[in-house]
Amino acid sequence: MEGRPTPESMLEALDSAKRTALALIEEALAEEDPAGVLESIRLRFLGKKGEVSLILKSMGSLSAEARPAVGQAANATRDAIESALARAKDTAEGAALDRELRAPPIDVSLPGRPVELGRRHPVSRTGEEVVRVFERMGFKVASGPEIEGDFYNFEALNIPAEHPARDMQDTFYLASGHPVAATLHDGTRGPEPGEVLLRTHTSPVQVRSMLRSPPPIRIVCPGKVYRRDSDLTHTPMFHQIEGLWVDRQVTMADLKGTLQLFATSFFGKDTRVRLRPSYFQFTEPSAEVDVSCTLCGGSGASRSEMEGHEDAGQGNGSIAGKPPQTGPCKTCSGTGWLEILGAGMVDPAVFEAVGYDPDTWSGFAFGMGIDRVAMLRYRIDDLRMLFENDARFLDQFP
Amino acid sequence: MKVFLPWLREYLTRDLPEPSELAERLTFAGLEVEGIEEFGAGLAGVVVAQVELCEPHPEADRLKICKVFDGVSKRTVVCGAPNVRRGMKVPLAPPGTRLPGNLLVEKRRVRGVESAGMLLSASELGLWDDHSGLLDLGPKAPVGSALHEALDLSEPVLEIAATPNRPDALSHVGVAREIAAITNSSLRAPTARIRRDIEPSAPYAKVVIDEPERCTRYVAQVVEGVRIGMSPPWLCARLAAAGIRPINNVVDVTNYVLLELGHPLHAFDLDLLAESTIVVRLAKEGEVIETLDEVERKLHGSDLVIADAASPVAIAGVMGGASSEVTKETTRVLIESAWFEPTGVRRTARRHGLHSESSHRFERGADPRIPLQAATRAASLIRKIAGGRVVGLPIDVHPRPFEPLRVTLRFARTNEVLGLPIRAAEQVAILRRLGFKVLKRDRHSVELEVPSFRTEMAREIDLIEEVARIHGYDSIPATLPRRSLATAGEEKGQAHFDIASRLRDAAAAAGCREVVNYSFMSEDEIASLAPRDGEVSREARALMLSNPLSKDQAAMRTTVMVSLLANLRHNRRFQRGDLKLYEIGRAYLFDELGVISEPERFAALMTGRRRPLSWTTDGTAVDFYDIKGLVEAALERVGIDPASCSFETKGDDLPWLHPTSACHVAGPEGELLGWLGEIHPRVAGTFELPAKVFVAELEMEAISRRARLLPTYEGVPRFPPVLRDLAVVVDDSVPAARVRQLLEAPLKEAARAGVNVAKATLFDVYTGQQVGEGKRSLAYAIQYQSSDRTLTDSETMEIHEALIRRLQHELGAQLRS
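Residues numbered from 1 in each chain as written. Chains lettered and ligands numbered in written order. Predicted model: local features only at pLDDT ≥ 70, side-chain atom pairs only at ≥ 80, totals over all residues. Heavy atoms only, no water.

Looking at the overall build of chain B
Line of reasoning, step 1. Broken down by element type, chain B carries 21 helices and 41 strands.
Line of reasoning, step 2. Taken over C-alpha atoms, the radius of gyration comes to 42 Å for chain B, far larger than the 28 Å a tight globule of 817 residues would show.
Line of reasoning, step 3. Each principal axis of the C-alpha distribution contributes one length, and for chain B these read about 125 × 80 × 55 Å.
Line of reasoning, step 4. A buried classification covers 54% of the 817 residues belonging to chain B.
Line of reasoning, step 5. For chain B, restricting intrachain contacts to residue pairs at least 6 apart in sequence, the fraction spanning at least 24 positions comes to 69%.
Line of reasoning, step 6. With 103 positive and 113 negative side-chain charges, chain B shows a spacing of 4 Å between the two charge centroids. (Helix = DSSP H or I, 4+ residues; strand = E, 2+ residues; numbered from the N terminus. Rg over C-alpha atoms; globule rule 2.2 N^0.38 Å. Buried < 20%, exposed > 50% of the residue type's maximum accessible area, 1.4 Å probe, protein only. Contact = heavy atoms within 4.5 Å. Lys, Arg positive; Asp, Glu negative; His and termini not counted. Charge placed at Lys NZ, Arg CZ, Asp CG, Glu CD.)

Concerning a negative patch on the surface
Line of reasoning, step 1. On the surface, E26, E27, E31, E32 and D33 of chain A cluster together to form a negatively charged patch.
Line of reasoning, step 2. Tracing the chain through its elements places E26 of chain A in helix α1 (residues 7–28). (Patch = residues over 30% accessible without salt bridge, like charges linked within 9 Å, V, L, I, M, F, W, Y side chains within 5 Å. Areas by Shrake-Rupley, 256 points an atom, 1.4 Å probe, with all protein chains shown as cover. Salt bridge = Lys/Arg side-chain N within 4 Å of Asp/Glu carboxyl O.)

With respect to the confidence of the model for chain A
Residue and element names in this part refer to chain A.
Line of reasoning, step 1. With 87% of its residues at a pLDDT of 70 or more, chain A shows a mean pLDDT of 85.
Line of reasoning, step 2. Confidence scores differ between elements of chain A, with helix α9 (residues 304–312) showing the lowest mean pLDDT of 42 and strand β9 (residues 362–369) the highest of 96.
Line of reasoning, step 3. Here residues 304–323 scores under 50 on pLDDT; set against residues more than four positions off or in separate chains, the count is 12 contacts. (pLDDT = per-residue confidence, 0-100.)

So, helix α11 (residues 370–378) of chain A
All names here are of chain A.
Line of reasoning, step 1. Among all positions in α11, only I370, D371, V373, A374, M375 and L376 are buried.
Line of reasoning, step 2. Tucked inside the fold, the buried residues of α11 contact α5 (122–136), β5 (237–247), α8 (252–267), β8 (337–346) and β9.
Line of reasoning, step 3. Taken from the residues just after α11, R379 is the one with a positive phi, measuring 55 degrees.

Digging into the sheet that holds strand β22 (residues 332–340) of chain B
Residue and element names in this part refer to chain B.
Line of reasoning, step 1. With respect to topology, four strands assemble into an open sheet ordered β15-β22-β14-β23, the strand pairing being antiparallel. Of all the strands in the sheet, just β15 (266–269) and β23 (389–397) have a single pairing partner and so form its edges. Here the average twist between neighbouring strands, direction ignored, is 20 degrees.
Line of reasoning, step 2. Pairing analysis gives four bridges linking β15 to β22, with the strands arranged antiparallel. From the neighbouring strand, H266 faces β22, where its bridge partner is E336. (Pairing = 2+ DSSP bridges. Axes fitted to C-alpha atoms, helices over the stretch in contact; angles between N-to-C directions.)

Here we look at the environment of P94 of chain B
Residue and element names in this part refer to chain B.
Line of reasoning, step 1. One can find P94 in the loop between β6 (89–93) and β7 (98–99).
Line of reasoning, step 2. Here P94 falls in the buried class, since its relative accessible area comes to 17%.
Line of reasoning, step 3. Residues P94 and V105 lie 11 residues apart in sequence; the distance between their C-alpha atoms is 6.9 Å.
Line of reasoning, step 4. For P94, the residues in contact, after removing those within four places along its chain, are G45, R75, V105 and G117.

What to know about the packing of aromatic side chains
Line of reasoning, step 1. By the definition in use, this model includes 26 aromatic pairs over all chains.
Line of reasoning, step 2. Residues F280 of chain A and F282 of chain A carry aromatic rings whose centres are separated by 6.3 Å and whose planes lie at 35 degrees to one another, so their mutual orientation is tilted.
Line of reasoning, step 3. The buried category is assigned to F282 of chain A, whose relative accessible area is 11%.
Line of reasoning, step 4. The rings of F134, F139, W245, F262, F266, F267, F364 and F366 of chain A are connected pair by pair, giving a single aromatic cluster.
Line of reasoning, step 5. Its end group placed over the ring of W361 of chain A, R248 of chain A keeps NZ or CZ at 4.6 Å from the ring centre.
Line of reasoning, step 6. When the ring centre of F647 of chain B is taken as reference, the NZ or CZ atom of K628 of chain B above it lies at 4.3 Å. (Phe/Tyr/Trp six-rings, centres within 6.5 Å; stacked < 30°, edge-to-face > 60°. Lys NZ or Arg CZ within 6 Å of the ring centre and 35° of its normal.)

Observations concerning the side chain of E128 of chain A
Line of reasoning, step 1. Tracing the backbone shows E128 of chain A in helix α5.
Line of reasoning, step 2. Overall, the relative accessible area of 11% leaves E128 of chain A in the buried class.
Line of reasoning, step 3. With residues near it in sequence (within four places) discarded, E128 of chain A still touches R120 of chain A together with F497, S501 and R504 of chain B.

What about the interface of chain A and chain B?
Line of reasoning, step 1. In this complex, chain A contributes 97 residues to the contact, which on the side of chain B involves 95 residues.
Line of reasoning, step 2. Of the roughly 8300 Å² buried where chain A meets chain B, counting both sides, 55% is carbon and sulfur surface.
Line of reasoning, step 3. Our count for the contact surface shared by chain A and chain B stands at 11 salt bridges.
Line of reasoning, step 4. The partner of R513 of chain B in a salt bridge is D395 of chain A, and the shortest N-O contact between them spans 2.5 Å.
Line of reasoning, step 5. Between chain A and chain B we count 45 residue pairs in polar contact (both at pLDDT 80 or more) in total.
Line of reasoning, step 6. It is α8 of chain A that provides the largest number of residues to the side of chain A that touches chain B, a total of seven residues.
Line of reasoning, step 7. The residue inventory of the side of chain A that touches chain B, partitioned by class, reads 48 nonpolar, 20 polar and 29 charged. (Buried area = accessible area lost by both parts, 1.4 Å probe. Polar contact = N/O pair within 3.5 Å; in protein donor to acceptor, adjacent residues only side chain to side chain. Nonpolar A, V, L, I, M, F, W, Y, C, P; charged D, E, K, R; others polar.)

Here we look at the sheet that holds strand β2 (residues 32–39) of chain B
Residues and elements named next belong to chain B.
Line of reasoning, step 1. With antiparallel pairing, three strands are arranged side by side in an open sheet as β1-β12-β2. The open sheet has two edge strands with one neighbour each: β1 (2–4) and β2. Within this sheet the neighbouring strands show an average axis-to-axis angle of 25 degrees, counted without direction.
Line of reasoning, step 2. In this sheet, strand β12 (residues 155–161) lies alongside β2 in antiparallel orientation, the contact comprising seven bridges. Within β12, the residue paired with E37 across the bridge is V157.
Line of reasoning, step 3. Sheet strands touched by helix α2 (residues 19–28): β2 and β12. Its angle to β2, the strand with the most contacts, is close to 155 degrees.
Line of reasoning, step 4. Lying over the sheet, helix α5 (residues 233–241) contacts β1, β2 and β12, oriented at roughly 145 degrees with respect to β1.

A word on the packing of helix α19 (residues 736–744) of chain B against helix α21 (residues 793–811) of chain B
The description of two helices packed together rests on the angle between their axes and the distance between the axes.
All names here are of chain B.
Line of reasoning, step 1. For the pair α19 and α21, interaxial distance at closest approach is 10 Å and the crossing angle is 140 degrees. On the basis of the axis angle, α19 is oblique to α21. With respect to the hand of their crossing, α19 and α21 are arranged in right-handed fashion. Contacts between α19 and α21 involve R738, V739, L742 and L743 on the former and, on the latter, L803, R806, L807, E810 and L811.
Line of reasoning, step 2. Among the residues making up the contact of α19 with α21, the classes are represented as six nonpolar, no polar and three charged. (Parallel < 35°, antiparallel > 145°, perpendicular 65-115°, else oblique. Left-handed = near helix turned anticlockwise from the far one by under 90°.)

A look at unusual backbone geometry
All names here are of chain A.
Line of reasoning, step 1. The linkage connecting P215 with the following residue, P216, adopts the cis geometry, with an omega of 0 degrees.
Line of reasoning, step 2. Considering the arrangement of structural elements, one finds P216 in the loop between α7 (203–212) and β4 (217–226).
Line of reasoning, step 3. Here the amide bond leading from E284 into P285 is cis, since omega sits at -5 degrees, within 30 degrees of zero.
Line of reasoning, step 4. If you trace the backbone, P285 turns up in strand β7 (residues 283–292).

Considering the nonpolar core
Line of reasoning, step 1. Formed by 199 residues in total, the largest nonpolar core has its most connected members in L26, F39 and L565 of chain B.
Line of reasoning, step 2. Top element by residues in this core is α8 of chain A. It accounts for eight residues.
Line of reasoning, step 3. Counting residues in hydrophobic clusters, the runner-up holds 36 residues, among them V207, C215, I306 and W339 of chain B. (Core = buried A, V, L, I, M, F, W, Y, C linked by side-chain atoms within 4.5 Å.)

Comments concerning α8 of chain A
All names here are of chain A.
Line of reasoning, step 1. Spanning 16 residues, α8 covers 22 Å between terminal C-alpha atoms, matching the ideal 22 Å at 1.5 Å per step.
Line of reasoning, step 2. By the criterion of burial, α8 is predominantly enclosed, with 12 of the 16 residues buried.
Line of reasoning, step 3. Regarding α8, the residues found buried are M252, A253, D254, L255, K256, G257, T258, L259, F262, A263, F266 and F267.
Line of reasoning, step 4. Two or three places before A253, at the start of α8, stands the capping residue T251, its side-chain oxygen 3.2 Å from that residue's backbone nitrogen.
Line of reasoning, step 5. Downstream of α8 by a residue or two, G268 has a phi angle that is positive, lying close to 130 degrees. (Expected span 1.5 Å × (residues − 1).)

Structural notes on the side chain of R776 of chain B
All names here are of chain B.
Line of reasoning, step 1. If you trace the backbone, R776 turns up in strand β40 (residues 775–786).
Line of reasoning, step 2. Lacking a salt bridge, the buried R776 has D732 as its closest oppositely charged neighbour, with an N-O distance of 6.5 Å.
Line of reasoning, step 3. Engagement of the side chain of R776 in a polar contact is seen with the backbone oxygen of V734, the distance being 3.0 Å.
Line of reasoning, step 4. Leaving out residues up to four positions away in the same chain, R776 has contacts with V728, V729, V730, D732, V734, P735, A736, V765, Y766, T767 and V771.

Structure representation (structure tokens):
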């Protein structure tokens, strides 16, 4: 600047700066990116080396009398520009937000990014759920070998060789030359195991558990079992869960109560349980246990909605005025009951085989087919689907 | 056992309940009724008619023109049966009748003669097999009445599935006894008087028992002058209703008594027995017999046989021989009524694959007291329906007299077992109704004699079960054990179960589907697990089944992986080639000593696209690091820090995996946890699979030893970490694990300053021109952390530089700018 600034020239310069700034701010709002332009305006006028700042810095050359007036004017100019900038910024942001909000919406109908959930196999899931119910009743899980000795699978369970009860179970045997370890799998020595076979039931785990630990005992043993049978209703391998509760004064009424509690916990609170006399070598008295049908609720009659569902596939759909179907329930064949368990009081002969005193200890045992329960639960009508592991089958159990 | 209700009624004094109710009551007393059918159903319209005239058909040699009277009118019927004769009473189906097999009888002309209906045989009526001609209803049949008036038709048959402990229920009398006990009524058992019509001309027959342990009693009764022929219709109907085909009157009587009393009998043609002699002995090695089913059988030295003076004539308790069979020519029969020991019968029956009505009963234990009664009953029936004279008294050889069992029942014990108080008087009453005899009784107990038809009732608990089932299981209350705190179980089982549950979570989170497979594999699959042809690995040596169902299921699987590969093969047929599967199950192995083990495994398989096909994904295929990621996640889920485990390139012991991308997984102390990798192309070939299938298996036992399912809280640092990136270039032979190890091991300087590397995350791996041949760049995001202060830039910089110096020193690493 030529010469010393006068108060007048400074006031004039301030005024000019203010007008220029306000005009530029006004213009900036028409720009595509007003924020950037506004920032450059701020720098030009209010930055460290901006026009207004320079004027303020040069005030040192003014006389003391002139300073307050110029100072005031300078501050006012700065405030005016600042507030104009702020307003313009608000306006610009508002306009930008407005534009963004008015843009065409995204295609919300495009599918989301897939999350692969994985699937539980219905048999394994059912088995685990059954176990969880018994765990809540204080049972612990026990396990045992699937490749068993004749002693554990039959002999100790009061099923001697040549007993007709063996006809009830067609057994897979291992080709000769493989001694099954004559030791229990925790290292305790057991009796000679005899011929080597695939266990036909989970009951040998009872024997092993009792041989290993003294009473009392409360266990469930889920696992694979094998019978030499393969047709529409049998697979050579299937799953059972065995339960055993041994203590003083355990009664058949306790067996009934335990199974009743299981049934209501697992199948629903209205489920009823009934016991029919039966025969197993390792329990006496023995019972087949039925639960009221999970589909018809024990009435034995099919539900019309189910029938309607099945009719739909035949093309003639629902015909108005057609009376509801009242045929027998397909799940229980109209009996109202489903046979799901075998059970009974542990036979004294089994206690003797494992060295428990049958006069002191009593107990009950039960065995249930898990696959059948899974089929009931998920209404699977073809047993063989269970072990084909077809993805189209597995995908139905998320 | 099929039970025909009209037959059953004969033995009961009270009317039977409705069949469905009867079935239910029997079932709930322990004799399960599996089904109810009707014998001779669908024969409404068939009437009894009498043939009044019978003349040859002029146009056909084999046909006859009959005039028959149906009780109302006479009609002409053309008939081709060989046995049609004048005066005969036979079933007639008038036109319009529908016969079994949906055959409609119509009026029609047969070779020019109009036939108004059809005269019928038992086969045509669907009753039993008989191709000898018309069903002869006998002279007493009421002409004009419906057929079911002359024969028990449209009557219920109960199919009873008697459990193996109930041989007593394998007869009509036995079931009637059970019903009497359930309904508290009485039994009217059939009786037969011992009689003789003629004195024998001695010696007429001889019985010798060489094996008194195997045959404790042998009763023989001879009847001579019998006329072999068809049995009367009522008897045929009863046999047929119970599922046994009528053969001839003598054989039918033995079967009738079998179904009535439950005791198996056999009839020999006495004239065909050498020296009229019966010897009960063991078969001699090399002896052969042709049994009634026309099969020649080589006998075993422990088979018990009935022999005559020369050779075996029957397999004792199992089946008779053809050589002494009762035929049309037979006139003298010897009825055998014996008791054979169950185990021996069962062994022999199994050895010869012969399961007969007779062996079925002897195996389960026939009534040792009944042979004389059964023989007498049979003789009297034969006399009645086949004529003949009973010769002498029965020959009764009885080397081991039967001793009835005695069992004491403590009344309180019943209540202790059942948890249901049943009065002593009722307990006794139930047992008496079942045929038990009270020997001694006091306030606390009763001593009983077990009836001879329930020889398996040897213990107190057996009696308690009898009381319970007749009293009714439904009366037992539902309670819970009151004083039991028992929780003793087996630790390992519970631990594996809990761990399996965690592993399933991890696998599900990785998008895997769970599968459950048979435990079998095929021989081809086993071979594919061998390192090279001719070599054997542990997994290529499988436990073989001696009686597999098929070749595909001949062996126990040695890895769980083989099942997953088979699942992939199956699913690929249905265009499901993107698969992530897992299974928790066992493999079955044996060691050098032949000792079997069944390690439980967690196995997984991944192949195809990494992410499901979607507009958001690019279709990249899974690779080694996907399966490794799953394994790491699984380990983490059971509390094993994957960073504490080592993944090292395999040796030669995983021959089913690809040599360049496979590894063992070892725990912190070097213990083997499992393996993972890409399958070997040879295995892929065996399973008809594409390349790039990744599999893993973890050992549950090893995992379980290392697992920590209950984590311990360690605190969260209160001060923010400082983040710095670090990219180093190292030789590409340096494993990433080595770099990481150096990064995470504490530095001396840092330890003094209370600073550590909380985390070093590898976020980029680069090979290429920019880093030079044989090198790669590894870039880490490092978090520096102090537990007692906020770190300053300068102090982390110092430590960062120390870290770089260490990498340079140890690995010759260069900093990548």
